[in-house]
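Residue strings, one per chain:
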Amino acid sequence: MRQEVLDYIDTLSLGTYSKSTNLPYTASGVVLYVTNPKTIYVDQPNITEDPIITALDGVHLNSTVQSVIIYFSSDAKSLPANYSTLVNNLKNAKNITTVSGVHRRESDVTQSYQGDLLITEIAVRLITIT
Amino acid sequence: MAYIYPAPGVSGVQATLSISIESNGSDAGMSVPALQDVTVNNANDVFSWTQLDASAKKQIATTSTNSLAMNIVLDGTTFFGDGTTPVTDADHSGIFNLSKNKTKVSFSLYLGDNDDGTTGKTISGDGYITGLAPTVSADAPVWVSPITITVDGEYTVA
């Protein structure tokens, strides 16, 4: 799912932002998206499975939630003009059609501050039956 | 004590239901997959009366209404039939057509092994498939359906 989200970001007009294929790891005690403002990072997917149907002959159908978090930071003192548009577009990564079998799509946007940086986290969740 | 323990998913131990066409004694039977639950109903009618020398009603059990109720996850082949086995086999018609055509079926419900590992009981009989109501929703996009087998006559327990 991470690659599909990265591919989706490639189709967007990012303006002064850029995309990195690196994971948002911590280097010298600082996460990359704080070290490199206006660079978009996509984390590895988290996957959870909850059984929704079980049968006496051992059939198990699970609701599988795949989620990735998109991270980037922006200068809070002067937000880029396309910030809101970018957040909306990234939020719509939930609508990617390159992951099959999705019956429920969710996304959340969370914002926080670290010094003069506005940290934006966009969680995208795709739910399938497996 | 020998508790009935139909370990789900354990071949030969789990509860299973087989359906065959009653008029075809050589029908090997169709194994109904993905049973979610099974309820065996044996509801006796009761005749009541009062009498002057008794302060409470007198009752006696008369005939019973028997049925099996269950829910299944739909499997395309067993629900609509494979269309390849002989027409006189349940596998050919599938559950939906057996219900639609009011075909009399024989059923055999294995309750599962006992907890001491011995072979468990089987309830069998004849009846008709009714009560199909396949349903699906966007939140749970898997077709499931209740099924009732209304039993014609008595159960046989072996």
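### A few points about the overall build of chain A
Regarding its fold elements, chain A presents three helices and eight strands. Along the chain direction, N to C, the helices and strands of chain A fall in the order α-β-β-β-α-β-β-β-α-β-β. C-alpha atoms of chain A, sized along the principal axes, occupy 60 × 30 × 20 Å. Residues counted as buried form 44% of the 130 residues belonging to chain A. Sequence-distant contacts in chain A: of pairs separated by 6 or more residues, those separated by 24 or more amount to 59%. Here chain A displays about 6500 Å² of accessible surface, and carbon together with sulfur accounts for 47% of that area.

### Here's the deal with the packing of aromatic side chains
Enumeration over the complete set of coordinates arrives at eight aromatic pairs over all chains. Centre to centre, the rings of Tyr33(A) and Tyr71(A) are 4.7 Å apart; their planes meet at 5°, and the pair counts as stacked. A residue pair is termed long-range when its members are at least 10 positions apart, and Tyr33(A) in helix α2 (residues 32-35) and Tyr71(A) in strand β6 (residues 60-75) qualify at 38 residues. Given the relative accessible area of 11%, Tyr33(A) is considered buried. Given the relative accessible area of 11%, Tyr71(A) is considered buried. Summarising the aromatic geometry, the rings of Phe79(B) and Phe80(B) are spaced 4.9 Å apart at their centres and angled 90° between planes, so their arrangement reads as edge-to-face.

### A short note on the pairing of strand β1 (residues 16-21) of chain B
All names here are of chain B. As paired strands, β1 and strand β5 (residues 104-110) are joined by six bridges and run antiparallel to one another. The residue bridging isoleucine 19 from the neighbouring strand is phenylalanine 107, located in β5. Taken together, the two bridges between β1 and strand β2 (residues 30-31) define a ladder with antiparallel strand orientation. Following the sheet pairing, serine 18 is matched in β2 by serine 31.

### Regarding the side chain of Asn66(B)
All names here are of chain B. Within the secondary structure, asparagine 66 sits in strand β4 (residues 58-73). A distance of 2.6 Å separates the side chain of asparagine 66 from the side chain of asparagine 42, its partner in a polar contact. Polar side-chain contacts of asparagine 66 include one of 3.5 Å to the side chain of glutamate 154. Beyond its immediate sequence surroundings of up to four residues, asparagine 66 is in contact with Asn41, Asn42, Ala43, Ile149, Thr150, Val151, Gly153, Glu154 and Tyr155.

### Some points on the interface of chain A and chain B
Many analyses report the size of an interface as the accessible area lost when the parts associate. On the side of chain B, 16 residues touch chain A, which itself brings eleven residues to the contact. For the pair chain A and chain B, the summed buried area comes to about 1100 Å², and 66% of that belongs to carbon and sulfur atoms. Three residues stand out in chain A for area buried against chain B, namely Ile53(A), Leu56(A) and Asp57(A), and they jointly supply 52% of the buried area on that side. At the junction of chain A and chain B, the tally comes to one salt bridge. In this structure, Asp139(B) engages Arg104(A) in a salt bridge whose closest nitrogen and oxygen atoms are separated by 3.1 Å. For the interface between chain A and chain B, the tally reads five residue pairs in polar contact (both at pLDDT 80 or more).

### Regarding the confidence of the model for chain A
Residues of chain A with pLDDT of at least 70 account for 100%, and the chain-wide mean is 92. Taken element by element, the predicted model of chain A shows its lowest mean pLDDT in strand β2 (residues 26-27) of chain A (90) and its highest in strand β4 (residues 39-42) of chain A (95).

The rules behind the values
- Residues numbered from 1 in each chain as written.
- Chains lettered and ligands numbered in written order.
- Predicted model: local features only at pLDDT ≥ 70, side-chain atom pairs only at ≥ 80, totals over all residues.
- Heavy atoms only, no water.
- Helix = DSSP H or I, 4+ residues; strand = E, 2+ residues; numbered from the N terminus.
- Buried < 20%, exposed > 50% of the residue type's maximum accessible area, 1.4 Å probe, protein only.
- Contact = heavy atoms within 4.5 Å.
- Areas by Shrake-Rupley, 256 points an atom, 1.4 Å probe, with all protein chains shown as cover.
- Phe/Tyr/Trp six-rings, centres within 6.5 Å; stacked < 30°, edge-to-face > 60°.
- Pairing = 2+ DSSP bridges.
- Polar contact = N/O pair within 3.5 Å; in protein donor to acceptor, adjacent residues only side chain to side chain.
- Buried area = accessible area lost by both parts, 1.4 Å probe.
- Salt bridge = Lys/Arg side-chain N within 4 Å of Asp/Glu carboxyl O.
- pLDDT = per-residue confidence, 0-100.

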